[in-house]
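Fold and geometry: a report
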Amino acid sequence: MFVIPCFGLLYLIIQYLIYFLTNFHTETKFPLKQDTAKGMVDSIKVAVRLRAPSKREEDLSPIVQVVSGNTVLAKSVDQRGFSRNFHFDHCFSSSNDPEEDQEKLYDSLGREYLLHALDGYNTCIFAYGQTGSGKSHTMNGQPSAPGLIPRLCKDLFEVRDLLAPTKDGITVELNVKCSYLEIYNEQVRDLLAGQDANNSISNCRVRERLDRTTFVEGLQEFTVHTVDEILDLLEQGNEIRVTEATHVNDRSSRSHAIFTIALDQKEISPLGQVLERKSHIKLIDLAGSERASASGSKGERFKEGSKINKSLSSLGRVISMLAKKNKPKLIPYRDSALTWVLKESLGGNSKTCMIACISPCDYEETTSTLRYATIAKSVKTAAHVNSYETSEQKEQMELMKRQLNDLQETLSELKDQKAIQDQMEKIKLTNDFLEQRIKREREQTVEYYDQLVQASTERDQLTQVLLSIAGSIQNSDLSDLAPVIERLQTDSRILGSKIDSDLSFCNKISGLT
Ligand code: ADP
Ligand code: MG
């Protein structure tokens, strides 16, 4: 009686647990703040930054000007006076105050990408442009006017230090790691690995994961706890990075440099649920495109320049293919180390921004950069929040799964008990039926016994009669009747013994009662 309601209750609990376990994933159940957008289509954001004329350019007339927050106007220097407007997400001009310009650029652009990364998106900002157009100034800057990378690092650690439990009691842990590589002459080199006795840096290989994203094998990642630690590493890498004086730039970067900040955030709810977000920010200072005649490079420098141009053309090809409406299935990422390393940032899971740096007086190079930047605007990426269940959540799930298994076992045991009970019920019914039947048969046996007893009495009486008849016959001389009498006596004996055996059988049966 007790088993059936208990069985029903357990069934309900198990159904609820199955529902809970199949629907328990971070996005619907986890009460922490998060963006649930998966694989959102994003376009590469493009900003243009126009540098002020340098001392070398003082006598030249500018051919480009920023006419609004998102438009630049390029004018041809020939007699035709051809001019064209180019539109972008942001356009920055230069003032007399480099520090203020750097701050403005960071506030309008850099911080946005830091916030995306804190939300769990992979992000990438790369500076593109001809040699001397201001890429390194934009990304690294100088101590008097720090660029985007040091400002972003400073901001990141300020955010980290402000992290306090929310009013829901959620605490956030933020771990920061960084790595720094350069691509020089198509070789990938770890700028933080240290140099060997010959002052050379070992090369790293770019590998592809099973999910088709790429990574640099053996690239060292350093955990950093303070802004000073991360800026020291940045400085250390910049010291090693290959730079050389050219006609256009006294400290021209001869390699593409990629500084990566990896963020690992754990949001822990008061109930012990943990949501982990992993994201990275790639901050890239490309080597500049250059014409050998303009940069005045010869020998080794010329070879470097052609490698740089080759990888930038490959970047241009990848960008223009990705920008096509019907983009081809095969994008030639493998054509250069740069595009292979940046595969994910250019066409995958990343919010990406290109800062096209332009010089004010070089019509050819500047319009080429502006056209390149215009194409990049159409490139779509598919950024999504990289959030994961952490081991603590998995442990909870495992525990619940184990409890569910135990309950299911109990349920099946109860099912077995019920089967036994059903069987017992059937046996009882069969037993009742058999008892009824035995009772009826016994009644019939008693009736038959009475009849036999009566038959036996009658037989005795008949035997007596026969014996007296036989005596009278013997005494009289009725010898002809003797055989008849003898047969009667035999029949009477057979009948008598049959009645006796029936009686003893009846006695046996009645003994069962
Ligand atoms: P690139 O890295 O593109 O080759 P750099 O960033 O090294 O060029 O810039 C070349 C020179 O121009 C540097 O001396 C730099 O300080 C200066 N410069 C570039 N952009 C700016 C700017 N927006 N404001 C002030 N100076 C700049
Ligand atoms: Mg540079």
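Keep in mind that what you see is a predicted model, and the values were worked out from it rather than measured.

Focus on helix α6 (residues 227-240)
- Its 14 residues give α6 an end-to-end C-alpha distance of 20 Å, which sits within 8% of 20 Å, the value for a rise of 1.5 Å per residue.
- Within the span of α6, buried status applies to I230, L233, L234, G237 and N238. Buried residues of α6 fall within an arc of 135 degrees about the axis and therefore sit on the same side. Away from its buried face by more than 90 degrees, α6 exposes D228, D232 and E239.
- Turning to α6, the residues buried within the fold contact α5 (148-162), β10 (171-184), β15 (222-224) and β18 (256-268).

Looking at the nonpolar core
- Core analysis: the largest hydrophobic core is formed by 48 residues, its most contacted members being F88, F126, V188, L315 and M354.
- Once residues within four sequence positions are removed from consideration, M354 is found in contact with I44, K45, V46, A47, F126, Y128, Y372, A373 and A376.
- Residues L105, L233, F259 and L263 belong to the second largest nonpolar core, which totals 38 residues.

Some words on a nonpolar patch on the surface
- Nonpolar side chains collect at one region of the surface, where F433, L434 and I438 lie side by side and expose about 300 Å² of accessible area between them.
- Counting through the fold element by element, I438 comes out in helix α12 (residues 391-475).
- A relative accessible area of 46% places I438 in the partly exposed class.

Regarding the pattern of salt bridges
- On inspection of all chains with the given rule, the structure shows 19 salt bridges.
- Among the ionic pairs, E112 bridges to K45, the shortest N-O distance being 2.9 Å. Here the residue E112 occupies a position in helix α3 (residues 98-118), and K45 occupies one in strand β2 (residues 45-50), the gap between them amounting to 67 residues.
- Assessed through its relative accessible area of 25%, E112 is described here as partly exposed.
- Residue E182 pairs with R189 through a salt bridge whose shortest N-O separation is 2.8 Å. Of the two residues, E182 and R189, both sit in the buried class.
- Through salt bridges with shared partners, a single network forms among E208, R212, R334 and K343.

Side note on the environment of V48
- As for its placement among the helices and strands, V48 is situated in strand β2.
- On the accessibility criterion, V48 (0% relative accessible area) is buried.
- In the structure, V48 is positioned 81 residues away from G129 in sequence and 9.7 Å away in space, judged by C-alpha atoms.
- Beyond its immediate chain neighbours, meaning those up to four positions away, V48 contacts V72, F88, H90, C91, F92, A356, I358 and L370.

Conventions and cut-offs
Residues numbered from 1 in each chain as written. Chains lettered and ligands numbered in written order. Predicted model: local features only at pLDDT ≥ 70, side-chain atom pairs only at ≥ 80, totals over all residues. Heavy atoms only, no water. Helix = DSSP H or I, 4+ residues; strand = E, 2+ residues; numbered from the N terminus. Expected span 1.5 Å × (residues − 1). Buried < 20%, exposed > 50% of the residue type's maximum accessible area, 1.4 Å probe, protein only. Arc of directions from axis to C-beta. Contact = heavy atoms within 4.5 Å. Core = buried A, V, L, I, M, F, W, Y, C linked by side-chain atoms within 4.5 Å. Patch = residues over 30% accessible without salt bridge, like charges linked within 9 Å, V, L, I, M, F, W, Y side chains within 5 Å. Areas by Shrake-Rupley, 256 points an atom, 1.4 Å probe, with all protein chains shown as cover. Salt bridge = Lys/Arg side-chain N within 4 Å of Asp/Glu carboxyl O.

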